Amino acid sequence: MWRRNSLSLSSKLANPYSNPSLLLLFRSSLKSHHHGLLARSNSTSPESTSAVDPVNWAQSGPAAPFIGPHPTPVSAFGLTSLAAASAFKAKEVADLAKHYTRCYWELSKARLSMLVVATSGTGYILGSGSSIDYLGLCCTCAGTMMVAASANSLNQVFEVKNDAKMNRTRLRPLPSGRITIPHAVMWASSMGVAGTALLACQANMLAAGLAASNLVLYAFVYTPLKQIHPVNTWVGAIVGAIPPLLGWAAASGQISLNGMLLPAALYFWQIPHFMALAYLCRKDYADGGFRMFSLADATGHRTALVSLRNCLYLLPLGYLAYDWGITSGWFCAESTLLALAISSTAASFFLNRTTKNARRMFHASLLYLPVFMGGLLVHRLSSDSERSLTAENSDPSINLSPSSESGVDLTEHAIPRENRRPALIGAQTRPPVAYASVAPFPFLPAPSYISS
Ligand SMILES: CC(C)=CCC/C(C)=C/CC/C(C)=C/COP(=O)(O)OP(=O)(O)O
């Protein structure tokens, strides 16, 4: 199609008369040029230069010669027509660029991909320790965006027939015929290769490997599974949970237990989110030929139960974030309240399985994720603040002096960047009040139980 468009574009440009709109533009510019010359000829000297009006010529043969002072009307005419052709060419190129930008945007499911990037970026910051490498963060986000765009485009390539049968998806670029399958595959391949290469060069091979494996899991396992077995939702939840791990791995160079916190939140969060969506769009999914969990559950009882169970799994995450030294105790409280809020919507849906309650649970899930990630970032403990707390509170065997001879040296020189955050697993947990003197309230006095 692109080839056809570009061919027709070039042939139109080569022969402007073959295009009615260009001919119109061409003729109107000639007319105004002609009228201008005539007006001037009436008011100025009768010095004559004859010319042919090609518009009238085209319609009814040669026109009466006009007289005017312009020494070279034919070359002026040529310039005007050239300008008209260039303007037309520019407009058509701009329209073409707009058309394909829109197709790429929709193929990439850009808003979903941006959410994926947000989770990966949050993972990167959490895995960064005391100083964030902003260039690394940007490259990780860009690489994640490209690979996610590729995965989403491949998903649409494989589901073009199913998408055409669903109201929600029938206007996507492939089922609506706005782009061809080979073109979409070309876009997906280039994005996948470029994104993985960017991650490999600017982050590390672990992050690149996670991205590439996730692409394979999403496009080649999850996507066909949607038409085979309801277990697809759980596989999809793994796909959604990988990007924050990828971000963590890009920053820290490894996968560690406390790097699993955000992936776990994403995994549990996706179950009620997608269960609500599949419940609300049951007919659409059935029409599309997808085997979603909710389709084999006429009463919605099991769909609601599974959703509620996974919401409850979100409850301990705030405590774990605090206990593992990722965030302050404030996050523990906030996360628990947030999990209780989404769980209450899931409980309402469980007790009363109406569309309204399913929609409430869906909206609660939309709110949950940004608030949870925002809380993680706001209450995150950098290695510096952790280090000072650890020093104030705890184990005398931990010595912060760079030239420590006894105990564990926690200076940046002693701990490789990639090991900083993971090394803090198992560090002594601190009473919540100790966190009151760190972010986000660093101005508060040190807690009184700390001996000076
Ligand atoms: C780095 C990398 C490869 C990241 C990929 C992340 C990604 C694509 C996550 C999406 C997870 C998911 C299950 C979406 C639903 O797809 P769906 O097929 O059910 O959606 P649809 O019905 O709208 O097509």
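Residues numbered from 1 in each chain as written. Predicted model: local features only at pLDDT ≥ 70, side-chain atom pairs only at ≥ 80, totals over all residues. Heavy atoms only, no water.

**Quick look at the UniProt feature "transmembrane region" (unreviewed entry) in the protein chain**
UniProt records the feature "transmembrane region" (unreviewed entry) for residues 205-222, 234-255, 261-281, 302-322 and 328-350 in the present numbering. Between the end C-alpha atoms of residues 205-222 the distance is 24 Å, and the span holds 100% helix and 0% strand. (UniProt positions renumbered as here; feature names shortened; annotations may be inferred. Helix = DSSP H or I, 4+ residues; strand = E, 2+ residues; numbered from the N terminus.)

**A few points about the side chain of Gln270**
As for its position among the elements, Gln270 is in helix α11 (residues 261-280). Given a relative accessible area of 6%, Gln270 falls into the buried group. Among residues more than four places away in sequence, those in contact with Gln270 are Gly236, Ala237, Gly240, Ala241 and Met275. (Buried < 20%, exposed > 50% of the residue type's maximum accessible area, 1.4 Å probe, protein only. Contact = heavy atoms within 4.5 Å.)

**A short note on the nonpolar core**
Counting residues in each nonpolar core, the largest one holds 41 residues, and the members touching the most others are Leu261, Leu262, Tyr285, Leu314, Tyr368, Phe372 and Leu376. Mapped onto this core, the elements with two or more residues apiece are α10 (232-252), α11, α13 (301-313), α14 (317-323), α15 (329-351) and α16 (355-378). Counting contributing residues, this core receives three or more from each of domain 1 (98-252) and domain 2 (257-381). Those residues in contact with Phe372 that lie beyond four places of it in its chain are Leu262, Ala265, Leu317, Phe331, Ser335 and Leu338. If you look at the next biggest cluster of nonpolar residues, it comprises 28 residues, including Leu154, Tyr218, Val239 and Ala251. (Core = buried A, V, L, I, M, F, W, Y, C linked by side-chain atoms within 4.5 Å. Domains from an automatic or database assignment.)

**Let's talk about the site of the ligand**
Around the ligand sit 18 residues in total, of which Arg168, Arg172, Tyr218, Tyr222 and Lys226 are the nearest. Here an oxygen atom of the ligand sits 3.1 Å away from a polar atom, N or O, in the side chain of Asn155. Burial of the ligand by the protein amounts to 96% of the accessible area it has alone, namely 630 Å². Sorting the residues of the shell around the ligand by element identifies α6 (134-158), α9 (205-225) and α10 as the ones contributing at least two each. When the residues that make up the shell around the ligand are grouped by side-chain class, the tally is 9 nonpolar, 4 polar and 5 charged. (Near = heavy atom within 4 Å. Polar contact = N/O pair within 3.5 Å; in protein donor to acceptor, adjacent residues only side chain to side chain. Areas by Shrake-Rupley, 256 points an atom, 1.4 Å probe, with all protein chains shown as cover. Nonpolar A, V, L, I, M, F, W, Y, C, P; charged D, E, K, R; others polar.)

**Here we look at the environment of Ala207**
Structurally, the position occupied by Ala207 is in helix α9. A residue is classified by how much of its surface remains accessible, and Ala207, at 0% relative accessible area, is buried. Put simply, Ala207 and Ser113 are 94 residues apart on the chain and 17 Å apart in space, counted from C-alpha to C-alpha. If we skip the residues at most four places from it in the chain, Ala207 touches Leu199, Leu246 and Ala250.

**So, the domain arrangement of the protein chain**
Under the domain assignment, the protein chain is made up of domain 1 (98-252) and domain 2 (257-381). Relative placement of domain 1 and domain 2: their C-alpha centres are 21 Å apart. Counting residues at the interface gives 31 residues for domain 1 and 29 residues for domain 2. Carbon and sulfur atoms supply 71% of the area buried between domain 1 and domain 2, which totals about 2,800 Å² over both sides. Three residues stand out in domain 1 for area buried against domain 2, namely Leu126, Met166 and Trp234, and they jointly supply 22% of the buried area on that side. Linking domain 1 with domain 2 are 0 salt bridges, by the criterion used here. At the junction of domain 1 and domain 2, the tally comes to 10 residue pairs in polar contact (both at pLDDT 80 or more). At the level of secondary structure, the elements contributing two or more residues to the side of domain 1 that touches domain 2 comprise α5 (110-126), α7 (160-165) and α10. (Buried area = accessible area lost by both parts, 1.4 Å probe. Salt bridge = Lys/Arg side-chain N within 4 Å of Asp/Glu carboxyl O.)

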